Every structure is written in C-alpha cells, then in structure tokens.
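# Geometric and topological summary
As a plain string of letters, each chain reads:
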Amino acid sequence: MTTRNRQIKNFTLNFGPQHPAAHGVSRLVLEMNGEVVERAEPHIGSLHRGTEKLIEYKTYLQALPYSDRSDYVSMMAQEHAHSSAVERLLNCEVPLRAQYIRVLFREITRISNHSLALTTHAMDVGASTPFLWAFEEREKLLEFYERVSGARMHASFIRPGGVAQDLPLGLCRDIDSFTQQFSSRIDELEEMSTGNRIWKQRLVDIGTVTAQQAKDWGFSGVMLRGSGVCWDLRRAAPYDVHDQLDPDVPVGTRGDRYDRYCIRIEEMRQSVRIIVQCLNQMPSGMIKADDRKLCPPSRCRMKLSMESSIHHFEPYTEGFSVPASSTYTAVEAPKGEFGVFLVSNGSNRPYRRKIRAPGFAHSQGLDSMSKHHMPADVVTIIGTQDIVSGEVDR
Amino acid sequence: LSNWSRLSSLWPLLYATSCCFIEFASLIGSRFDFDRYGLVPRSSPRQADLILTAGTVTMKMAPSLVRLYEQMPEPKYVIAMGACTITGGMFSTDSYSTVRGVDKLIHVDVYLPGCPVHAIPIIIYYFLFK
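Keep in mind that this is a model prediction, so the values were computed, not measured. (Residues numbered from 1 in each chain as written. Chains lettered and ligands numbered in written order. Predicted model: local features only at pLDDT ≥ 70, side-chain atom pairs only at ≥ 80, totals over all residues. Heavy atoms only, no water.)

## A word on the overall build of chain B
When its secondary structure is counted, chain B shows five helices and four strands. Reading the helices (α) and strands (β) of chain B from amino to carboxyl end gives α-β-α-β-α-β-α-β-α. Whereas a compact globule of 130 residues would reach a radius of gyration of roughly 14 Å, chain B reaches 14 Å, a difference of no more than 12%. Over its C-alpha atoms, taken along the principal directions, chain B stretches across nearly 50 × 30 × 20 Å. In chain B, which comprises 130 residues, the share counted as buried stands at 52%. Sequence-distant contacts, at least 24 apart, represent 74% of the contacts inside chain B between residues at least 6 apart. Working note: accessible area of chain B is about 5,600 Å², and carbon and sulfur atoms make up 58% of it. (Helix = DSSP H or I, 4+ residues; strand = E, 2+ residues; numbered from the N terminus. Rg over C-alpha atoms; globule rule 2.2 N^0.38 Å. Buried < 20%, exposed > 50% of the residue type's maximum accessible area, 1.4 Å probe, protein only. Contact = heavy atoms within 4.5 Å. Areas by Shrake-Rupley, 256 points an atom, 1.4 Å probe, with all protein chains shown as cover.)

Structure, rendered in structure tokens:
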C-alpha cells in the first residue's frame, strides 16, 4: 500500500470578535501549521470607546463611572485607583473607616472577579458546572454591592475622599455569614478541578511564562506571581490599611496555567481572610474626608442648612479643583496592576488620565504563550490571562 | 403549535461586547436561570433566533454585528440591551468611536434600559416581548 505525500500548508484562521470564549471582543488572527498555532496576533480595539478622551471633558466625580466600566468584572478596584490618584493630588486624608470599607469591598471584588475568571476559563476548557456554582456565589456578592451602593455591578461607590455612603445595618453580619460558607464553596470547586486528570492534562505546561518573560512583557498580578516573582502591590507598596492586614501571597513555580489556577483559588481564600480581618478591625467613624469642598454632605444635612446645600451643589455641578500636578497611582486589581496616571492643570477637569490596564500588557504576551499549541489551548490561554476587552481597549 | 414552540424556545446568540455581558452571564447562571424559559445560548448565528446586543458597539465592531445579524435565519428578533446599545449611553456625548445606538445598524424590536440592565428586568421584558 502506498501513502501519498501530502503537503500541509500554513493557513490563517480568524478567531473572530464573536466567539463563545466569551471574553468580550477580541479578535485573534492565528497562523496555523496544520493543527498547531505558529503565531497568534491579537487585533484589539473593537471596544475602544474613547474613555480617556471622554474623561477629559468631565469633572473628577463624573469621571468615576468610566473607571467602573473599563474592567467591568472588578469594578471597585478601578474606582479605588481613580480615587487614590485624585486624593494624592489633593493631598487629602481618607478616614480610617473609609479605608477599611474600601479594602473590604476590594477583596469582595477580588473574589467576584476570580470566580468569574476561573469558571469562565473552566467553561472554555470544557467544565460547565463550576460556572453555575460560582455564579451563585457571585450573585451574593453582587447583592452586597447593591445593598451598599444601589447598583449590582457599576457601583461608583469608592469616591475621592472616602466612600459614597456608610454600610447599611446588617451588611457586616451578612458578609460574615458569606465568608463562613464560602470556603466550602471553594473546596467544592477545587474538588471538581484541581485533582482532575483531564483538568491537569489541559492545564499543566500549557501557556508557560518564565519569570524573565513575565517581567519583560510587563505582566503583573497573577501572571507574574505564577512565574515565581513575588510581587504584590498590597505588600510592596501598601496603600490604605493593607499594612495592618496580614494576607499570604501565593506564588507559583512553573508559570503554566495550572499554577495560575491554583494561585487564583488561593487568592480567593486569602481574600476571605482579609475580609474577616477587616470586619473585625473596622472602627466606627466618618466615611468621607472632612473637607466640604471635596465630599458632599449627607442628604439629611443638606436639607437643613444653606451652607450644606451649597456644599452639595458644588461638587455635583462644577466639581472640585485639583492642584496642577501629576501622579501615577496603581492598585493591585484582581487582574494585575491597574494604574492611573493623572495629570491635572488646576481646573475641575483632568487634563489627562492615562489608564494602565493589566490586560493590555497581558495580551501582548498572547503570541509567545500560544506558540506551538492547539487552537483549543489558545482559547484557554486567553482565559488564564484574564483578558477583558473593556480594559484592553478602554 | 409551531408558533408555540418557536416562542417557548427562543435561542439567543451568545454575543456580547462589554459590561452587559456580565449580567447576561448571570442570567445563564444558577440564580436567574435562562434555560428554564427555553433560552439556550448558541454560539453560531445560524442557530440563533434572538440577539441580545449586550455591550457598547463601536465602529470597529459594527460590521461584525451587522454580519452576524444577516447570518441569522428568519424569524429573528433583536433586543437592544442597555443604555449603550439604545443611544450610546455614557459614551454618547463625545466619543469618537462609539455607535450611538444599535438601531442605526440593525432593526431593533425591544429596548431594555439600564446600565447595566439588571438581570430580573431582562426576564420580565422577555415575557412581555413574547
């Protein structure tokens, strides 16, 4: 029997903007050699909405909801970056209770983000059950968001000067009950995946990033810690009350997808620990800075005195002016280092607000991570990098 | 009978660009289960009856959206979900790349206000739409 020699030619596959890998709009052009990807070129920009330009025409408070919507899975982390940048320019002190509330909600955001990231990643790999389980937990977290700010997702809660409103009665008790049962939920998720032979086969040694590559490409967050570099902004450059809390920082060894999965699971557990510490240590007190030019008074006080009415009117219409200066403020968002470079020219509008999104740097590395893997692995590599096109494209 | 079967199992396209997708995903999740109303999200437009345009549409994405709509077989329905797809939403004032409302591109049957649209109203409006 003779076998015919067939030539396999390279061809280009369009991994189009609409695909069930469900990470927003990201278009990849894959150059394939048979079944193996030789090159993956991301074409970003399908969700470019001109956020940074729009912000230049808004006051600092009006610019806050734009931060919510850049990475729309971890909302309060972005708000925190924006608010911290403005506070740094204003040289304003945030009250201790507000700092604890911010850290509490940032860790809630971290759990929410990791639940979504891990389980949509699992769905891409093929496991559809963790998605359903984690989304139920996520619904509870979104309910906390709604109770504190009024909106399930885009909260606009962390504002320059503090937070928008105080925690409602009973919320801390409910968050506490959530933390008590959440560790078992993580255990259930782990039971499905961590020791699973199929899961390991799909994830181990795929999408490996060395520590040097991670630093060269500008990775941050889980991508960097997965490759063995112990860099967490909460430890390296503590902000708010992070120096008084005591989380462990999980670090991986091999830099493959399995390590990153394990790190995210462990980060969820550490976030639960931080939340419990915050709830225990939270003092009573003010939740906004005392500067009436910055933070509007509460509504009941606004209706009682003329001065409070003016103090309410001013921030919401004209906004507050920020001294001419510039600052780069970064926070440890769930996806990585989310930075805001804020330049102000002394007026009530930012002159320039550059967003440093972690997903942008991660999507650069997509090509080197996907080389010599199958298209199915490319899908899951996008998932492990936790790319969200809202922050990549802004 | 065929009308009943079409109404009861309106399969949406798994299409989403930005934040409203997360609410869409919550609908697929366990608390607000989409599947009990017969809505199974499909990946291919050839198998979908309904497109819930979740998320801002930019000028770069617009041709893809129109192509997806044209690839859907009749009868097809469009629900414009969220402020971004109704009028451009918070990006409608000065943005240089956002399409101000998806009805400039395709025919829309239902407009769902919200930013993002809460999961429960989607279900309510879906019933009203049926």
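## Brief notes about the pairing of strand β7 (residues 336–344) of chain A
Every other side chain in a regular strand lies on the same face of the sheet, so the side chains alternate between the two faces. All names here are of chain A. Within β7, eight of the nine residues are buried, leaving the element largely enclosed by the surrounding structure. One ladder, built from nine bridges, connects strand β6 (residues 325–333) with β7; its direction is antiparallel. Across the sheet, the residue bridging to A333 is G336, located in β7. The loop that links β6 with its antiparallel partner β7 comprises two residues. Here β7 pairs with strand β8 (residues 350–356) via six bridges, running antiparallel. (Pairing = 2+ DSSP bridges.)

## Thoughts on the interface of chain A and chain B
With 39 residues of chain A in contact, the opposing surface of chain B contributes 36 residues. Roughly 3,100 Å² of surface becomes buried between chain A and chain B when both sides are summed, with 62% attributable to carbon and sulfur atoms. At the surface where chain A touches chain B, the tally comes to one salt bridge. With a closest N to O distance of 3.0 Å, A:R152 and B:E23 form a salt bridge. Between the two partners, chain A and chain B, sit ten residue pairs in polar contact (both at pLDDT 80 or more). Of all the elements in the fold, those that place two or more residues in the side of chain A that touches chain B are α1 (51–55), α2 (64–70) and α5 (129–149) of chain A. Classifying every residue of the side of chain A that touches chain B gives 19 nonpolar, nine polar and eleven charged. (Buried area = accessible area lost by both parts, 1.4 Å probe. Salt bridge = Lys/Arg side-chain N within 4 Å of Asp/Glu carboxyl O. Polar contact = N/O pair within 3.5 Å; in protein donor to acceptor, adjacent residues only side chain to side chain. Nonpolar A, V, L, I, M, F, W, Y, C, P; charged D, E, K, R; others polar.)

## What to know about the UniProt feature "domain: NADH-quinone oxidoreductase subunit D" (unreviewed entry) in chain A
Here the UniProt-annotated "domain: NADH-quinone oxidoreductase subunit D" (unreviewed entry) positions come out as residues 124–394 of chain A. Counting secondary structure, residues 124–394 of chain A comes out at 51% helix and 11% strand; the distance between its end C-alpha atoms is 24 Å. (UniProt positions renumbered as here; feature names shortened; annotations may be inferred.)

## Observations concerning unusual backbone geometry
The omega torsion across B:E74 and B:P75 is -15°, close enough to zero to call that bond cis. Even without being glycine, A:S156 reaches a positive phi, approximately 50°. Summarising the element assignment, A:S156 is placed in the loop between α5 and β4 (158–159). At A:D205, a position not held by glycine, the phi torsion is positive, near 65°. With respect to the element layout, A:D205 can be found in the loop between α7 (197–203) and α8 (211–217).

## Comments concerning the UniProt feature "transmembrane region" (unreviewed entry) in chain B
All names here are of chain B. Per the UniProt record, "transmembrane region" (unreviewed entry) is annotated on residues 12–29 and 110–129. Annotated as residues 12–29, this span is 50% helix and 11% strand, and its ends, taken at the C-alpha atoms, are 15 Å apart. Measuring from the first to the last C-alpha atom of residues 110–129 gives 7 Å, for a span that is 55% helix and 15% strand.

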